[in-house]
Amino acid sequence: MSLIPKAELHLHIEGTLEPELAFALAERNGVELPYAGTEDLRKAYLFSDLQSFLDLYYGLMAVLHTANDFTDLAEAYLARAAAQGVRHAEIFFDPQAHTARGVPIGTVVEGLAHALDRSEERHGISTQLIMCFLRDQSAESAMETLDAAKPYLHHIAGVGLDSAEVGHPPSKFREVYAAAESLGLRKVAHAGEEGPPAYIREALDVLGVERIDHGLRAMEDPELVERLAREQVPLTLCPLSNVRLRAVDTLEDHPLRAMMDAGLLVTVNSDDPSYFGGYVGDTFHAVREALALGQEQLRELARNSFRAAFLDHDEPRRER
Ligand code: ADE
Ligand code: ZN
């Protein structure tokens, strides 16, 4: 594990739900899970692609009901992150995955915010919350979600775009990103995880995002790589996720080192650490071993994480 101080910029709070907490919450809320126990659940963590993961991931969210559940979830992540050298965390959540089950967005946001508001004091981690739209749902549903979030925007720093990528290009969400911008929200989007390089261009040019989450498939398009390097667009890579969801065969095959060598501003993150075999410090350690990274490269990755963060030093980037 690596204790080097770092920021984590690509972390889905629902993806930190450990099997033990899932069963504890299931008991607390009277929810029956279709697994015999924590070991049985862990055995189901064998994914063939993004969709096979998302099916299990959304299913397990059935245990999350009360604001207290969301507080406990975030508190457990922050304690683990602190032990792995995280000093700043920009945390995604998926409101539609909860409102669709009858859990109001206010319950989710206020529950998470309760843990985040005391995080600096308890864990030495500053935090931001980023609300993601589910791209496999309609653009209208995303706009309704932004509307429903309006009473809670003092807790929310930005918007993101996640869930099943292929067939749901960024341009589908042009209007809701424009509305988010006019509300003063920062903008990021998953692109180029399973989707083509064209989705990365659209996220930049149509949505005006400031960072690309993943961006792995940029490497198929040399002109795009050149642009991303020139504009120093941050890419929040998640190498353990890419292995578990079969975007790359093995960690040794991951293009992280090649991306650094190409001059890209890359960061290393955990995505959904409960499901993908490690938190961000574990991820730093794993890539160091698999890609034979030196101390200077690890320091560069840590430095990049603070450069790419939405900290005070950073005004919104110019429109592209
Ligand atoms: N939601 C949670 N993890 C995700 C990922 N890796 N890609 C897209 N949506 C997600
Ligand atoms: Zn993600």
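The rules behind the values
- Residues numbered from 1 in each chain as written.
- Chains lettered and ligands numbered in written order.
- Predicted model: local features only at pLDDT ≥ 70, side-chain atom pairs only at ≥ 80, totals over all residues.
- Core = buried A, V, L, I, M, F, W, Y, C linked by C-beta atoms within 7 Å.
- Buried ≥ 20, exposed ≤ 12 C-beta atoms within 10 Å, placed from the backbone.
- Contact = placed C-beta atoms within 7 Å.
- Pairing = 2+ DSSP bridges.
- Helix = DSSP H or I, 4+ residues; strand = E, 2+ residues; numbered from the N terminus.
- Axes fitted to C-alpha atoms, helices over the stretch in contact; angles between N-to-C directions.
- Arc of directions from axis to C-beta.
- Near = placed C-beta within 6 Å.
- Nonpolar A, V, L, I, M, F, W, Y, C, P; charged D, E, K, R; others polar.

Caption draft 1: Examining the nonpolar core more closely. Counting 89 residues, the largest nonpolar core has I13, A74, F93, L112 and A203 as the members making the most contacts within it. Those residues within four positions of A203 in sequence are excluded, and the remaining contacts are P170, A189, A191, V209 and I212.

Caption draft 2: Here's a closer look at the sheet that holds strand β5 (residues 186-191). Within the open sheet, the eight strands sit side by side as β1-β2-β3-β4-β5-β6-β7-β8. Their pairing is parallel. Two strands lie at the open edges of the sheet, namely β1 (6-12) and β8 (265-268), each paired on one side alone. Between one strand and the next, the sheet's axes are offset by a mean angle of 25 degrees, whatever the strand orientation. Two strands pair when backbone bridges link them, and strand β2 (residues 86-93) and strand β3 (residues 126-134) are joined in this way by six bridges, in the parallel orientation.

Caption draft 3: Geometry of the pairing of β8. Every second residue of β8 is oriented toward a common face, with L265 and T267 on one face and V266 and V268 on the other, all of them buried. Strand direction decides the pairing type here: strand β7 (residues 234-237) and β8, joined by four bridges, are parallel. Directly across from P234, in β8, lies its bridge partner L265.

Caption draft 4: Inspection of helix α3 (residues 50-60) at higher detail. What α3 keeps buried is the set L50, F53, Y57 and L60. With its buried residues spanning 100 degrees around the axis, α3 presents them on a single face. Lining the buried residues of α3 we find α1 (19-29) and α14 (273-276).

Caption draft 5: Molecular detail of the site of ligand 1. Around ligand 1, the surrounding shell consists of H12, G15, L50, D162, S163, H190, E193, S241, D271 and D272. Of the residues in the shell around ligand 1, the class split is one nonpolar, five polar and four charged.

Caption draft 6: Representation of unusual backbone geometry. Backbone geometry places Q232, a non-glycine residue, at a positive phi of 50 degrees. Judged by the 13 C-beta atoms lying within 10 Å of it, Q232 falls in the partly exposed class. Here D271, not a glycine, exhibits a phi torsion of approximately 70 degrees, which is positive. By the secondary structure assignment, D271 is in the loop between β8 and α14.

Caption draft 7: Spotlight on the pairing of β2. For β2, the tally of buried residues reaches seven of eight residues, placing the bulk of the element in the interior. Across five bridges, the pairing between β1 and β2 is parallel. Paired with H12 across the strands is F92, a residue of β2.

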